[in-house]
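# Breakdown of the fold
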Amino acid sequence: MVEIKIVNKGHQPLPQYATEQSAGMDLRANLEESVVLKPMERRLIPTGLYISLPPGYEAQVRPRSGLALKKGITVLNAPGTVDADYRGEIGVVLINLSQEDFIVNDGERIAQMVIARHEQGSFVEVDVLDETERGAGGYGHTGVK
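Read on for a plain summary of the structure.

Parameters and conventions
In every chain, residue numbers begin from 1 and rise along the written sequence. Local features in a predicted model are, by the rule used here, given only for residues with pLDDT of at least 70; side-chain atom pairs are given and counted only at 80 or more, and totals for whole chains, interfaces and linings are based on all residues. Only heavy atoms go into the side-chain values, all of them from the structure, while hydrogens and water stay out. We call two strands paired when DSSP finds no fewer than two bridges between them. Going along the chain from the N terminus, every DSSP run of H or I of four or more residues is numbered as a helix, and every run of E of two or more is numbered as a strand. Helix axes are fitted to C-alpha atoms over the stretch in contact, other axes to C-alpha atoms as well, and angles between N-to-C directions run from 0 to 180 degrees. Each nonpolar core is a collection of buried residues, namely Ala, Val, Leu, Ile, Met, Phe, Trp, Tyr and Cys, held together in the definition by side-chain atoms within 4.5 Å. Note on classification: 1.4 Å probe, protein chains only; a residue is buried when its accessible area is under 20% of the maximum for its type, exposed when over 50%, partly exposed between these limits. For this analysis, residues touch if any pair of their heavy atoms sits within 4.5 Å.

## A closer look at the sheet that holds strand S4 (residues 42-46)
Taken in spatial order, the three strands make up an open sheet running S4-S9-S7, and their pairing is antiparallel. Bordering the open sheet on either side are S4 and strand S7 (73-75), each of which pairs with just one other strand. Across this sheet, the average inter-strand angle for adjacent strands is 35 degrees, counted without regard to direction. When S7 meets strand S9 (residues 91-96), the two strands line up antiparallel, connected through three bridges. Looking at the pairing, Ile73 lines up with Asn96 of S9.

Written as structure tokens, this is what we have:
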């Protein structure tokens, strides 16, 4: 388990795993008053949380499946990435894809955060790429079955 330093400037509990094998921790809205998201409206919802990740790690902000299925609410830039050198407040860009207003209440679980390792790559410019069986086929190239 990786150690993550956190400052909670909000009034919500710290994120925690719901079960022993959960991949994500719920993020909660940290609001002074409720926010109404109209259909197709997007808003940055504050969490009051600030983190410091070790180098080589990121925090991915992802939608909650229940909100997506039941209410049409999702994270617009899913997954949103919190880089290891970012020290600002974690915000969640929510969008309402439903036909009805959605009220975001203080303390509501609005997204989940997954801590993940990552690698950085370096590009090596070449004149031609190696051949593969797939080649340039993409966007449905492999069929529907």
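## Observations concerning the environment of Glu41
The topology assignment puts Glu41 in the loop between strand S3 (35-37) and S4. It is 29 Å that separates the C-alpha atoms of Glu41 and Val7, two residues lying 34 residues apart in sequence.

## Section: the nonpolar core
Counting residues in hydrophobic clusters, the biggest one holds 27 residues, and the most contacted among them are Ile45, Val92, Leu94, Val104, Ile110 and Met113. At the level of secondary structure, the elements contributing two or more residues to this core comprise strand S2 (24-28), S3, strand S5 (49-52), strand S6 (57-62), S7, S9, strand S10 (102-104) and strand S11 (109-117). Per-element accounting of this core gives the leading share, four residues, to S11. Sequence-distant contacts of Ile45, defined by excluding residues within four places in its chain, comprise Ala29, Leu31, Val35, Ile90, Gly91, Val92, Leu94, Val104 and Ile110.

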